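For reference, the chains in residue letters:
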Amino acid sequence: MTILEFTPLVFVISMAAGYLGALTGLGGGVVVTPALTLLLGVDIRYAIGASLVSVIATSSGAAAAFVREGYSNIRIGMFLEIATTFGAMLGAFLSSRTPTSILSIIFGLVLLHSAWQSSQRHSESPTNAAPDPLASRLKLSGSYPEHGATQQYNVSSVKAGFGLMFGAGAISGLLGIGSGALKVIAMDQVMRIPFKVSTTTSNFMIGVTAAASAGIYLSRGYVEPGIAMPVMLGVLAGSLFGAKHLIGARVRVLRWTFAIVVAVMAVEMIVSGMGKLK
């Protein structure tokens with residue numbers, strides 16, 4: 001495949017990934033990394049390096065729109081970024097010491113679990129339970145617009161969510177997926193934050209998490225401009241388009257889109273990794 005064929009193809013794939021990443025909070029990397037490795041034969045570490053750059057672009061493109069519309073909870077995002085940043089640095093450190101076949105299998109297992117969790121039915125309405133005492137001290141509870149009205153919500157299990165965010169950051173640094181899938185699940189199902197707030201806050205956070213590990217990949221030569229540039233531009237364009245469609249999207253549709261796409265990519269990555277072990 002020539003560079004003239006490779007670059008437009010990567011751009012189109014990345015644009016689709018950015019659109020999906022903006023709608024679900026995945027960050028685009030969950031599609032970019034498997035697509036580059038499985039469809040185009042790119043080494044997984046170079047795919048992860050390009051994916052991390054794309055994650056930063058997604059966060060920059062979609063987060064501003066979500067903050068302006070009043071969906072993202074900035075206080076929650078900045079608080080949880082402390083855990084994800086330290087986790088991302090640890091994951092990036094471990095990545096160069098882990099065989100690519102193992103990386104593929106870990107990637108697939110993490111995403112398969114994420115897909116299963118997302119498909120489980122949960123109440124879509126904001127929680128009316130009393131807020132976590134720590135959430136009250138940090139003023140993490142908030143509101144978001146829904147059907148022309150303002151919906152209030154409380155935040156639960158802050159310590160558990162913070163711990164999960166460290167793991168999400170480590171997965172981000174190790175696999176280059178921005179850890180959006182795990183962040184959405186932690187906020188939605190553990191901290192009981194409404195799904196739309198979880199996805200938009202995840203988009204706000206993933207850029208910082210990815211930047212923490214992208215520097216390590218760059219220093220090791222795993223960020224190839226010929227791959228990273230079309231990926232970044234495609235994801236940025238797709239994320240801006242996706243951000244416009246999230247506002248009127250149905251949460252149930254978002255959940256199933258999230259689950260189906262992630263499950264397909266998970267199976268493909270596991271099969272690919274198992275093949276390399278033989």
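Described in the following lines is the structure provided in the data block. Since this is a predicted model, take the numbers as computed values, not measurements. (Residues numbered from 1 in each chain as written. Predicted model: local features only at pLDDT ≥ 70, side-chain atom pairs only at ≥ 80, totals over all residues. Heavy atoms only, no water.)

We now examine a nonpolar patch on the surface. A cluster of nonpolar side chains, contributed by Ile82, Phe86, Met89, Leu90, Phe93, Leu94 and Phe166, occupies part of the molecular surface with about 650 Å² of accessible area. Per-element accounting of the nonpolar patch gives the leading share, 6 residues, to helix α4 (residues 74–95). For Ile82, the location among the structural elements is in helix α4. (Patch = residues over 30% accessible without salt bridge, like charges linked within 9 Å, V, L, I, M, F, W, Y side chains within 5 Å. Areas by Shrake-Rupley, 256 points an atom, 1.4 Å probe, with all protein chains shown as cover. Salt bridge = Lys/Arg side-chain N within 4 Å of Asp/Glu carboxyl O. Helix = DSSP H or I, 4+ residues; strand = E, 2+ residues; numbered from the N terminus.)

Let's shift gears to helix α9 (residues 195–219). Under the 1.5 Å per step criterion, the end-to-end length of α9 is 36 Å for 25 residues, consistent within 8% with the ideal 36 Å. Of all the 25 residues making up α9, 18 are buried; the element is thus mostly covered by neighbouring parts of the structure. Two residues or fewer past α9, Gly221 is found with a positive phi of approximately 80°. (Expected span 1.5 Å × (residues − 1). Buried < 20%, exposed > 50% of the residue type's maximum accessible area, 1.4 Å probe, protein only.)

Membership of the largest hydrophobic core comes to 44 residues, with the highest contact counts inside it found for Leu36, Leu40, Val42, Tyr217, Ile227 and Val231. Listing elements by their share of this core, those giving two or more residues are α1 (3–24), α2 (29–39), α3 (44–69), α5 (100–119), α7 (158–175), α9, α10 (225–246) and α11 (251–277). A total of 7 residues in this core trace back to one element, the largest contributor, which is α3. For Val42, the residues in contact, after removing those within four places along its chain, are Phe6, Leu36, Thr37, Ala47 and Ile227. Phe79, Tyr153, Val158 and Met205 belong to the second largest nonpolar core, which has 19 residues in total. (Core = buried A, V, L, I, M, F, W, Y, C linked by side-chain atoms within 4.5 Å. Contact = heavy atoms within 4.5 Å.)

A pair of packed helices is captured by two measures, namely the crossing angle of their axes and the spacing between those axes. The contact between α4 and α7 brings their axes to 6 Å, and the two run at 35°. Both α4 and α7 take part in a crossing whose hand is right-handed. A per-class count over the contact of α4 with α7 returns 15 nonpolar, 7 polar and no charged. (Axes fitted to C-alpha atoms, helices over the stretch in contact; angles between N-to-C directions. Left-handed = near helix turned anticlockwise from the far one by under 90°. Nonpolar A, V, L, I, M, F, W, Y, C, P; charged D, E, K, R; others polar.)

Our focus in this paragraph is the pairing of strand β1 (residues 142–146). By the alternation rule, side chains of β1 split into Gly142, Tyr144 and Glu146, which are all buried, and Ser143 and Pro145, of which none is buried. Of the strand pairs in this sheet, β1 and strand β2 (residues 149–153) are connected by 5 bridges, and their pairing is antiparallel. Counterpart to Gly142 in the pairing with β2 is Tyr153. The hairpin turn running from β1 into β2, its antiparallel successor, is 2 residues long, and His147 in that turn takes a positive phi close to 55°. (Pairing = 2+ DSSP bridges.)

Tracing the backbone through its elements, the reader meets Val271 in helix α11. Once the C-alpha coordinates of Val271 and Gly108 are considered, the two residues, 163 residues apart in sequence, prove to be 8.6 Å apart.

Right, let's get into the packing of aromatic side chains. Going through the model one piece at a time under the given rule, you end up with 6 aromatic pairs. Aromatic pair Tyr46 and Tyr222: ring centres 5.6 Å apart, planes at 90°, arrangement edge-to-face. Of this pair, Tyr46 sits in helix α3 while Tyr222 sits in the loop between α9 and α10, and the two are 176 residues apart along the sequence. Members of the aromatic cluster, connected to one another through ring pairs, are Tyr46, Tyr217 and Tyr222. The positively charged end of Arg97 is found above the aromatic ring belonging to Phe93, 4.2 Å away from the centroid. (Phe/Tyr/Trp six-rings, centres within 6.5 Å; stacked < 30°, edge-to-face > 60°. Lys NZ or Arg CZ within 6 Å of the ring centre and 35° of its normal.)

With that settled, consider the side chain of Arg45. Tracing the chain through its elements places Arg45 in helix α3. Among all residues touching Arg45, those that are not within four sequence positions of it are Ser95, Ser96, Thr98, Pro99, Thr100, Leu103, Tyr217 and Tyr222.

Its location among the elements puts Ser143 in strand β1. The spacing of Ser143 and Val197 is 54 residues in sequence and 8.8 Å in space, taken between C-alpha atoms. Every residue in contact with Ser143, bar those within four places of it in the chain, is listed here: Gly70, Thr150, Gln151, Gln152 and Tyr153.

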